[in-house]
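As a plain string of letters, each chain reads:
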Amino acid sequence: MSNQRKLKIGLFGFGVVGESLYHVLQNNTSLNAEILKVCIKHLDKKRNAPTDLFTDNPELLLNNNDINVIVELIDDADAAYRIVSSALSNKKAVVSANKKMIAEHQTELLGLQKQFQTPFLYESACCASIPVIRNLEEYYDNDLLQGISGIVNGSTNYILTRISEDGLDFNSALKLAQEKGFAESNPALDIEGIDAVNKLTILLTHAFGIVTEPGTLVHTGIHQIHEQDARFAKEKGYEIKLVAQAKKLEDGTIAAFVLPQFLKKDNQLYNVKNEYNGVIVESGLADKQFFYGKGAGGYPTTSAVLSDLSALRYDYKYEYKKLYNSAPTELSHDFYLRVYVSFDKLYNVPHSLFEKIEEWSSNESRCSVTGILHFSKLAENDWWKQKNTSIVLLPDAFVEYVPEKREVLEDEFVI
Ligand code: HSE
């Protein structure tokens, strides 16, 4: 697509982000972009735009030779994949915000981009307004990048903030996040950490050239966090945040997961509140750099969609440099973490899985243990996902050295 050509857009979806994009483009002529047609599911629903703009027939966009860009902003990941693959096969550039679809279909989408040499941009799919994908793609050389760690889901961060600052209960805080348009239409995707792990899957590709399936990464959300965990955090001066993390280990392999973490004040993510996201990028030479911005909501997401549209005007494509031009990097389960786990019953504590137990406490309703776990104990078994169990990483959770395994005596756990 040359500089001279106008962007003629076929838009799929007219929800929070689709409608924001429409209004922004109406009022901004400098981008030289126009929405020619909008495909929606429910034609009878009243929209804040002229009726003749809308259709429910995707072919009117996908087979329209005047349209040179498809912007896909729908909710249904399967339908989104059909739209995006058809558009790329028709050599139409595509901009998408659908993290679930991208994470679940990375291999096929990489193949289509290669085969049809067509740009497919999705900056808005990770951390909305924060330009993290393009920075990871363009700026950080693979050898220098040591890790990324981020709050990548706005809804869960909003919920945690409302609980911690206003004393709201979980369901009221979730309801507010839904009302503000931050949450997915199925909010389980947010609160169970699925949205965050989808985003981590995408970031892994651009940061380290690792293509993996989101379901295979260790992840959970904030739905199992217990009042006792919040009390523990308060006592110690920590904040609980849902963090997506990828870290290069000494042998060059990568540790990656999405887990709640207790953060100390000196962690930049500590002060990331409400629907804001934050990403710390750690590189060998520059040390830590911090990206911060709104991670959910119509206009913040639209800002990234617009930035992708603008990049299309100079034929920008992701080159996937880390994937295609560097030595392959692999994920590892061979590392240790300092964790806090809380349970409803003392006899549920799987203390034999710990390499070392550092502290434990219990009362009639809840008990908790802190100690060192080998990551394989989380990756290869889901005891920690059982009902009434919660896990939170302790600050600076990666442990380089682990003392010799000691026997845990049963009577240590007798009240
Ligand atoms: N539900 C998502 C979030 C929307 O809360 O982060 C932005 O991806």
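Residues numbered from 1 in each chain as written. Predicted model: local features only at pLDDT ≥ 70, side-chain atom pairs only at ≥ 80, totals over all residues. Heavy atoms only, no water.

Caption draft 1: Spatial organisation of the environment of Asn57. Of note, Asn57 is situated in the loop between β3 (54-55) and α2 (59-62). Sequence separation between Asn57 and Lys236 is 179 residues; the distance between their C-alpha atoms is 56 Å. A distance of 3.0 Å separates the side chain of Asn57 from the backbone nitrogen of Glu59, its partner in a polar contact. (Helix = DSSP H or I, 4+ residues; strand = E, 2+ residues; numbered from the N terminus. Polar contact = N/O pair within 3.5 Å; in protein donor to acceptor, adjacent residues only side chain to side chain.)

Caption draft 2: Local environment of a negative patch on the surface. A cluster of acidic residues, Glu250, Asp251, Asp334 and Glu400, forms a negative patch at the surface. In this structure, Glu250 sits in the loop between β9 (239-248) and β10 (254-263). For Glu250, a relative accessible area of 79% corresponds to the exposed category. (Patch = residues over 30% accessible without salt bridge, like charges linked within 9 Å, V, L, I, M, F, W, Y side chains within 5 Å. Areas by Shrake-Rupley, 256 points an atom, 1.4 Å probe, with all protein chains shown as cover. Salt bridge = Lys/Arg side-chain N within 4 Å of Asp/Glu carboxyl O. Lys, Arg positive; Asp, Glu negative; His and termini not counted. Charge placed at Lys NZ, Arg CZ, Asp CG, Glu CD. Buried < 20%, exposed > 50% of the residue type's maximum accessible area, 1.4 Å probe, protein only.)

Caption draft 3: The side chain of Ser332, seen in detail. Assignment of secondary structure puts Ser332 in the loop between α13 (321-324) and β13 (336-343). Aside from chain neighbours lying at most four places away, what touches Ser332 is Leu249, Thr253, Ile254, Ala255 and Phe375. (Contact = heavy atoms within 4.5 Å.)

Caption draft 4: A look at the pairing of β9. With nine of 10 residues buried, β9 lies mostly within the body of the structure. As paired elements, β9 and β10 share 10 bridges and run antiparallel to each other. Looking at the pairing, Leu242 lines up with Pro260 of β10. Linking two consecutive strands that pair antiparallel, namely β9 and β10, is a turn of five residues; a positive phi of about 90° is found at Gly252 within it. (Pairing = 2+ DSSP bridges.)

Caption draft 5: Highlighting the site of the ligand. In the vicinity of the ligand, the contacting residues are Lys99, Asn153, Gly154, Ser155, Phe182, Ala183, Glu184, Asp190, Asp195, Lys199, Gly295 and Ala296. Here Glu184 contributes a side-chain N or O atom positioned 2.6 Å from a nitrogen atom of the ligand. In isolation the ligand offers 260 Å² of accessible surface; the protein chains occlude 93% of this area. Those elements that place two or more of their residues in the shell around the ligand are α7 (154-166) and α10 (194-208). Across the shell around the ligand, the residue classes break down as three nonpolar, four polar and five charged. (Near = heavy atom within 4 Å. Nonpolar A, V, L, I, M, F, W, Y, C, P; charged D, E, K, R; others polar.)

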